[in-house]
Amino acid sequence: MGLFDSLKRGLTRSREAINEVFYFGGEVDEGFWEELEDTLVMGDLGAEIALSVTDDLRDEAARKNLTTARELRRALAERLEGIFVEGGADPFRDTPSCVLFVGINGAGKTTTVGKIASAEAARGTSTVIGSADTFRAAAIEQLDVWGTRAGVPVVKRERGSDPASVCFDVLDEADRTGADLVLIDTAGRLHTSPELMRELAKVVNVTRRRAEKMKAGPMAVRVILVIDAATGQNGLNQALEFNEALGLDGIILTKLDGTAKGGIALAVASRLKLPIVRVGVGEQVDDLMAFDAHDFARALVGEE
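Read on for an overview of the structure. For clarity, every value in this text was computed on a predicted model and none was experimentally measured.

Describing the packing of aromatic side chains
Going through the model one piece at a time under the given rule, you end up with five aromatic pairs. Ring plane angle 50° and centroid distance 5.5 Å describe the contact between Phe 291 and Phe 296, whose orientation is recorded as tilted. With relative accessibility at 17%, the residue Phe 291 sits in the buried group. Exposure remark for Phe 296: the relative accessible area of 0% places this residue in the buried category. Pairwise contacts between aromatic rings join Phe 84, Phe 291 and Phe 296 into one cluster. For Arg 149, the ring lying beneath its charged end belongs to Trp 146, and the centroid distance is 5.2 Å. One cation-aromatic arrangement involves Arg 298 over Phe 4; the distance from NZ or CZ to the ring centre is 4.0 Å.

The following block contains the structure:
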């Protein structure tokens, strides 16, 4: 199943709500625009973006005499697509690259690290995993399983160790073996805890300093926030706090499997001007896919 079909399945909840707005009869009146704005707000876009999108679409409809549901749906998809930020370099394909995965507990960081390690190792990329979540024993065990499946080494220390030391160790291993891709899982942090965020900033800084001294030359370090799509507007608050503390390079949106509304992707892209680099649309390795703004917008509004 391709990205568009997977997103259609994953965005069913929001698409059905938007479809109800477009199944109208007669002229496009004030009630239509109010209902569309309310539907976008309820789809986790947030009030500011929903109002802006609705106003822009209303102006475009007047200028171009758009009156049919098909015309308006296409115009809405184009407007939403324009909110997303161009991805630029792929952090997992533009190597040598070290990627730190950050986010709150339960967002899916560890599973995401495992899936990417499996996918990139299968492509022939020399990959190393760092288990810097030293507080949760299950995280280390999970990565061991993923590493064994993918044939990728997992660098770890005993539970309770300094996570920054794991980051240093995994880059030492990458330097020794000439690995092109380093994937580091970090412990879940509440974005509302300044102390935990400062500790994570230390982990990022140690990683950057070590990556600058690689034998083959400096390795790019990227910080990627993993967000559970079902968290709704709280995901935007997470992104704002993590970005302020760490300077994020991109977003991975997980669990876009039919229960999430999906609008958080637009909210984060609009406020932080950050690219979404992957979306998770299922449990299999192949279900973590490269993001495509065109496909996402079409799937969200129901345009074929």
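Anyway, onward from the coordinates.
Examining the side chain of Arg 222
Checked against the element boundaries, Arg 222 lands in strand S5 (residues 220–228). With relative accessibility at 13%, the residue Arg 222 sits in the buried group. From its side chain, Arg 222 meets the backbone oxygen of Asp 94 in a polar contact 3.1 Å long. Ignoring sequence-local partners within four residues, the contact set of Arg 222 consists of Ala 89, Pro 91, Asp 94, Ser 97, Cys 98, Val 99, Leu 100 and Asp 249.

Considering the pattern of salt bridges
Applying the stated rule across the entire model yields 16 salt bridges. Between Glu 30 and Arg 58 there is a salt bridge; the shortest N-O distance is 2.8 Å. With Glu 30 in helix H3 (residues 30–45) and Arg 58 in helix H4 (residues 47–64), this residue pair connects regions lying 28 residues apart in the sequence. Take Glu 30: its relative accessible area is 40%, and that puts it in the partly exposed class.

Notes on unusual backbone geometry
Excluding glycine, a negative phi dihedral is what most residues carry, and trans is how most peptide bonds are arranged. Following Thr 95, the chain continues to Pro 96 via a peptide bond in cis, the omega torsion being 5°. With respect to the helices and strands, Pro 96 occurs in the loop between helix H5 (69–81) and strand S1 (97–102). Positive phi outside glycine occurs at Asp 44, with the angle close to 80°. Structurally, the position occupied by Asp 44 is in helix H3.

Some remarks on the pairing of strand S4 (residues 181–186)
When you tally the buried positions in S4, you get six out of six residues, the bulk of the element. Burial along S4 is two-sided: Leu 181, Leu 183 and Asp 185 and Val 182, Ile 184 and Thr 186, pointing in opposite directions, are all buried. Pairing of strand S2 (residues 127–132) with S4 involves six bridges; the strand directions are parallel. Bridging across to S4, Ile 129 finds its partner in Leu 183.

Some details on the side chain of Lys 115
Among the secondary structure elements, Lys 115 is positioned in helix H6 (residues 109–122). For the buried Lys 115, which has no salt bridge, the nearest side chain bearing the opposite charge is Asp 287, at an N-O separation of 5.9 Å. Residue contacts for Lys 115: discarding those within four places in its chain leaves Trp 146, Gly 282, Glu 283, Gln 284, Val 285 and Leu 288.

Conventions adopted
Residues numbered from 1 in each chain as written. Predicted model: local features only at pLDDT ≥ 70, side-chain atom pairs only at ≥ 80, totals over all residues. Heavy atoms only, no water. Phe/Tyr/Trp six-rings, centres within 6.5 Å; stacked < 30°, edge-to-face > 60°. Buried < 20%, exposed > 50% of the residue type's maximum accessible area, 1.4 Å probe, protein only. Lys NZ or Arg CZ within 6 Å of the ring centre and 35° of its normal. Helix = DSSP H or I, 4+ residues; strand = E, 2+ residues; numbered from the N terminus. Polar contact = N/O pair within 3.5 Å; in protein donor to acceptor, adjacent residues only side chain to side chain. Contact = heavy atoms within 4.5 Å. Salt bridge = Lys/Arg side-chain N within 4 Å of Asp/Glu carboxyl O. Pairing = 2+ DSSP bridges. Lys, Arg positive; Asp, Glu negative; His and termini not counted.

That's the geometry; what it means functionally is another story.
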